[in-house]
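Tertiary structure, described
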Amino acid sequence: MELVLFYISSAVALFATIFALTRTNAAHALIYLIVSLLAVAVIFFLLGAPFAAALEIVIYAGAIMVLFVFVIMMLNLGEEGEERERQRMHPAVWIGPSLLSAILLIEMILMLSQLDDRHTGALITAKQVGLTLFGPYVLAVEIASMLLLAGLVGAYHVGRRFRLSEPDNSSPSSTEGDS
Amino acid sequence: MSETMTIIFAISVMLAAVGGAAVLTWFERRLLGIWQDRYGPNRLGPGGILQVVADMLKLLTKHDWVPPFADRWVFIFAPTAIVVAMLLGFAVVPFGPGLHIIDVNIGLLFFIGMTSLAVYSVLLGGLASNNKYALLGGLRSAAQMVSYEVFMGLSLMGVVMLSGSFSMQDIVESQRDGWYCVSQSLGLFVFTIAAIAESHRLPFDLPEAEHELTAGFHTEYSGMKFAMFMLGEYLGLILISCMITTLFFGGWLAPFGATWLPPIVWFSLKTFIIICFFVLLRAAIPRPRYDQLMSLGWKVMLPLTLVNLVVTGAVALWMQGA
């Protein structure tokens, strides 16, 4: 039963990802990408990592992809965007990436063949994840938090309101800055 | 419960939720009417309850139209997403001791995940409509929901810290010696506000603010597809009331040791009172401006949540040491 579910969700993930790459309409591509992320969450759940599955849904599918859709809405590309995308989908563009990912695929198959068949099936609970994150991997957590802080400061700088000139000698061209 | 029992129970929960949402459309209007010194729909049937049937007939017989300029498949898919996500959220609600569809050890995270997926319905509806009002409504909802989602999740972490589990049944069990509405009152406050914003109900219904955006993201929707959006919204209201009951008001536990009523009745009663409270909020509070909403979120709610988190963590550690 679990094996069948695993293969179904893997197939869904694969096809959704392929469609996400090949759609010319950005909104459609994003929907396929969300489906692919959800399928990966199901795979995590089946492999005994429910916490990772939940985070995959909450963070990737539920938060990050929402921001992607947000950007798509802001750009409002429409027909000409699709036309441009269709031109970019020229077959020659696919050669480089396909070659590189083929190399990766061969590598992965070699690695998998050397691995002994050890799907433990043990359930990894949220507590275990927490203990590992703040035990042996605490340095990585700290570094990630610093990276996030840098992103936050950068966003603050970009979004900050600043005046180009004093209000008393402002020329019409400088009014764009002080909103 | 055996597998067939679980399936039967799941179907009955789904039917109850959808039926409850339908009745709620009438009940909310009646209750609003009472609070606003008017009658509300009271013509059809006893107390006007057949209004639900009349509304349903009207929506079902309307032309199920897709505008020619809309992105057809996304337009049709959008309203179903919110209903499916909200119905899935009911899977982790504990209605009584042992009376639940699933009791996974990530129950609470599952609920948060489902509410965050419900955002897509509004977003894609706004995007697919190909209409400026709808697009603006969708944009607003994206910003509003992503912001309020952050501390909706964080405000629940205090409960998780005190109960030591993400499982909903464990959270209920751990409230035997005191409901979390006392020790986590700050969390309750933040969660309630975030939950209203998340389900985009009045007073936080800026994605569909009719005085400035016609109807926001569902301007182009009519008939059954519009009904699906409404169904999703009311399902969300019921789900969030269930969650507040479970997380902060002891779930199916009887108050003051009054166990002469079965647990599921207590659960329903508490949920009902919270739904009434949400309707009262809608009747009493005006809609804030969009920038007020956002600054309230980031400048008041987020710091409050973080303070709650730090204090709860410190107290939990101190209790462990003592």
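Residues numbered from 1 in each chain as written. Chains lettered and ligands numbered in written order. Predicted model: local features only at pLDDT ≥ 70, side-chain atom pairs only at ≥ 80, totals over all residues.

1. Points about the overall build of chain B
For the record, the criterion: Helix and strand definitions follow DSSP, with helices as H or I runs of at least four residues and strands as E runs of at least two, each counted in order from the N terminus. Residues are called buried when their C-beta atom has 20 or more other C-beta atoms within 10 Å, exposed when it has 12 or fewer, and partly exposed otherwise; all C-beta atoms are positioned from the backbone. For every residue pair, C-beta atoms are placed from the backbone, and the pair is scored as a contact if these atoms sit within 7 Å.
Across its full length, chain B carries 12 helices and 0 strands. Seen in sequence order, chain B has helices and strands lined up from the N terminus as α-α-α-α-α-α-α-α-α-α-α-α. Viewed in the frame of its principal axes, chain B has a C-alpha envelope of about 65 × 45 × 45 Å. Residues classed as buried in chain B amount to 45% of the 322 residues present. Looking at chain B alone, contacts between residues at least 24 apart form 78% of all its contacts between residues at least 6 apart.

2. Regarding the interface of chain A and chain B
Chain A puts 17 residues into the contact, and the matching count from chain B is 21 residues. Every element with two or more residues in the side of chain A that touches chain B is listed here: helix H2 (26-46) and helix H3 (50-75) of chain A. It is H3 of chain A that provides the largest number of residues to the side of chain A that touches chain B, a total of 13 residues.

3. Looking at the packing of helix H1 (residues 3-35) of chain B against helix H2 (residues 51-61) of chain B
Residues and elements named next belong to chain B. Basically, it comes down to this: Here an angle of 0 to 180 degrees is reported between the N-to-C directions of two axes, which are lines fitted to C-alpha atoms, with helices fitted over the stretch in contact. If an angle is under 35 degrees, it is roughly parallel; if it is over 145, roughly antiparallel; if it lies from 65 to 115, roughly perpendicular; otherwise it is oblique. Helix crossings fall into two classes, left-handed where the near helix is turned counterclockwise from the far one by less than a right angle and right-handed where it is turned clockwise. Note on residue categories: nonpolar means Ala, Val, Leu, Ile, Met, Phe, Trp, Tyr, Cys or Pro, charged means Asp, Glu, Lys or Arg, and polar means any other residue, Gly included.
Closest axis-to-axis distance for the H1/H2 pair is 9 Å, and the angle between their directions is 110 degrees. Considering their axes alone, H1 and H2 lie roughly perpendicular with respect to each other. The crossing of H1 and H2 is right-handed. Residues Ala22, Val23, Thr25 and Trp26 of H1 form the contact with H2, whose participating residues are Gln51, Val52 and Asp55. Looking at side-chain class alone, the contact of H1 with H2 contains 4 nonpolar, 2 polar and 1 charged residues.

4. So, H1 of chain B
Residues and elements named next belong to chain B. What counts here: Helix span, expected: 1.5 Å multiplied by one less than the number of residues in the helix.
Between its terminal C-alpha atoms H1 stretches 45 Å, which fits the 48 Å expected from 33 residues at 1.5 Å a residue. Where H1 is concerned, the buried positions are Ala17, Ala21, Leu24, Trp26, Phe27 and Glu28. Where H1 is buried, its residues touch H2, helix H3 (72-89), helix H10 (223-248) and helix H11 (263-284). Two residues or fewer after H1 comes Asp37, characterised by a positive phi angle close to 60 degrees.

5. Things to note about the packing of H3 of chain A against helix H4 (residues 107-129) of chain B
Where H3 of chain A meets H4 of chain B, the closest approach of the two axes is 8 Å, and the angle between their N-to-C directions is 20 degrees. Between H3 of chain A and H4 of chain B, the crossing angle belongs to the class labelled roughly parallel. Our pair here, H3 of chain A against H4 of chain B, has a crossing hand that is left-handed. Two secondary-structure elements touch here, H3 of chain A through Ala54, Ile57, Val58, Ala61, Gly62, Ala63, Val66, Val69 and Met73 of chain A and H4 of chain B through Leu109, Phe110, Ile112, Gly113, Ser116, Leu117, Val119, Leu123 and Leu127 of chain B. Partitioning the contact of H3 of chain A with H4 of chain B into residue classes produces 15 nonpolar, 3 polar and no charged.

6. So, helix H5 (residues 95-114) of chain A
Between the first and last C-alpha of H5 of chain A there are 29 Å, a value that for 20 residues agrees with the 28 Å anticipated at 1.5 Å per step. Counting buried positions along H5 of chain A gives 0 out of 20 residues, so the element sits mostly on the surface.

7. Some words on the environment of Glu220 of chain B
All names here are of chain B. Along the chain, Glu220 falls in the loop between helix H9 (210-213) and H10. For Glu220, a count of 23 C-beta atoms within 10 Å puts it in the buried group. When the C-alpha atoms of Glu220 and Asn131 are compared, they prove to be 7.8 Å apart, with 89 residues separating the residues in sequence.

8. Structural notes on unusual backbone geometry
Residue and element names in this part refer to chain B. At Asp37, a position not held by glycine, the phi torsion is positive, near 60 degrees. With respect to the helices and strands, the residue Asp37 is situated in the loop between H1 and H2. Overall, the presence of 6 C-beta atoms within 10 Å leaves Asp37 in the exposed class.

9. A short note on the confidence of the model for chain B
As a reminder, the rule being used: Scored from 0 to 100, pLDDT reflects the predictor's confidence in each residue.
In the predicted model, chain B carries a mean pLDDT of 84, and the fraction of residues at 70 or more is 97%. Scoring the predicted complex yields pTM 0.86 and, for the interface, ipTM 0.83.

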